[in-house]
Amino acid sequence: DTGVSQNPRHKITKRGQNVTFRCDPISEHNRLYWYRQTLGQGPEFLTYFQNEAQLEKSRLLSDRFSAERPKGSFSTLEIQRTEQGDSAMYLCASRGLYEQYFGPGTRLTVT
Amino acid sequence: GENVGLHLPTLSVQEGDNSIINCAYSNSASDYFIWYKQESGKGPQFIIDIRSNMDKRQGQRVTVLLNKTVKHLSLQIAATQPGDSAVYFCAESAGYQKVTFGTGTKLQVIP
C-alpha cells in the first residue's frame, strides 16, 4: 500500500491522559498536513510541514498540541492533558506538487 | 462509524441521473481546487482537481467546472451510481499553503 497511513485507527482515552498519533505519508511527498474533523463538519487545518520544517500552525492548535516530523518522513501529533472537546477524527494528508491525499484518520474519543 | 452527513445540505438523485454539486469559495488568491468524496468513517478521497488557469476538467464520469468571476466551483457526476452516495467537499488552496475545505454536500442516490 503506497497511500497515506495513520496509526492507531481508533483511540479511546480518559480525560487528562496524553495521546500520540502517527502518520506515514506517501514517500515522495515532502509536504504533510494535519487536520481535525468533527461531526458534520469539513476537515479543519491544524498544521503543516515541508520536509522537517513546521511552516504553519492554526490557532486551533493550542499549547496542549504538538506535532513533529523529525526526519522529514513520518509525523507524530501529540495531545497532552486531553479534554472531551478533543474528541474528533484526526486526519493526515500528504502532498506532492499539487494533489493532496488523505489517510484514513485516527478517531479519538475522550471519556 | 462517523456520520459526516449530519446538518449538511443534501442532494437526492435517482440512480442513472446526473448529479451537480455546487460550491462557492472565498479566497481570490486560491489557484488550486479539489473535490473530495468522504464516506462514513473514512478519510476524504481525492476525486478530481483543477488549477485556476483552467475552467473545465474531465475525469472518469466526473467533470469539474470553475468560474473564477463569481468564485464558483461545481462537480458533475454522470450516470450516478449507489456507490457515489457520500459527502462531497470542495477545497481550495493558494500556492502550496493549506487546503481549506468548504461546507460539504451529502449525495443520496435513490436506487
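Details of the structure are given in the entry above.
Describe the packing of aromatic side chains, and please don't skip the residues or the numbers.
Across all of its chains, the model carries 14 aromatic pairs over all chains by this definition. Between Phe65(A) and Tyr90(A), the aromatic rings sit 6.5 Å apart at their centres with planes inclined by 40°, giving tilted as the arrangement. Of this pair, Phe65(A) sits in strand β7 (residues 65-68) while Tyr90(A) sits in strand β9 (residues 88-95), and the two are 25 residues apart along the sequence. Tyr90(A) carries the same exposure label as Phe65(A), and that label is buried. On the numbers, 5.3 Å between centres and 50° between planes, the contact of Tyr101(A) with Phe46(B) is tilted. Pair noted here: Tyr101(A) is in strand β10 (residues 100-102) and Phe46(B) is in strand β4 (residues 45-51), and the two residues belong to different chains. Connected via pairs of aromatic rings, a cluster forms that spans Tyr33(A), Tyr35(A), Phe45(A), Tyr48(A), Tyr101(A), Phe102(A), Tyr36(B), Phe46(B), Phe89(B) and Phe101(B). Here the basic side chain of Arg22(A) rests over the ring of Phe74(A), its NZ or CZ set 3.9 Å away from the ring centre.

Could you give me a rundown of the state of the cysteines, with the residues and numbers involved?
Evaluation of the coordinates by the stated rule reveals 2 disulfides over all chains. At a sulfur-sulfur separation of 1.8 Å, the disulfide partner of Cys23(A) is Cys92(A). The sign of the -65° torsion about the S-S bond sets the Cys23(A)-Cys92(A) disulfide as left-handed. Placement of the pair is Cys23(A) in strand β3 (residues 19-24) and Cys92(A) in strand β9, with a sequence separation of 69 residues. Since its relative accessible area comes to 0%, Cys23(A) is described here as buried. For Cys92(A), a relative accessible area of 0% gives the class buried. Between the sulfur atoms of Cys23(B) and its disulfide mate Cys90(B) the distance is 1.6 Å. Within this pair, whereas Cys23(B) is found in strand β2 (residues 19-24), its partner Cys90(B) is found in strand β8 (residues 86-93), the two being separated by 67 residues in sequence. As far as the burial class goes, Cys23(B) and Cys90(B) line up, both buried.

Procedures and definitions
Residues numbered from 1 in each chain as written. Chains lettered and ligands numbered in written order. Predicted model: local features only at pLDDT ≥ 70, side-chain atom pairs only at ≥ 80, totals over all residues. Heavy atoms only, no water. Phe/Tyr/Trp six-rings, centres within 6.5 Å; stacked < 30°, edge-to-face > 60°. Helix = DSSP H or I, 4+ residues; strand = E, 2+ residues; numbered from the N terminus. Buried < 20%, exposed > 50% of the residue type's maximum accessible area, 1.4 Å probe, protein only. Lys NZ or Arg CZ within 6 Å of the ring centre and 35° of its normal. Disulfide = S-S within 2.5 Å.

Shape is all these values report; function is a separate question.
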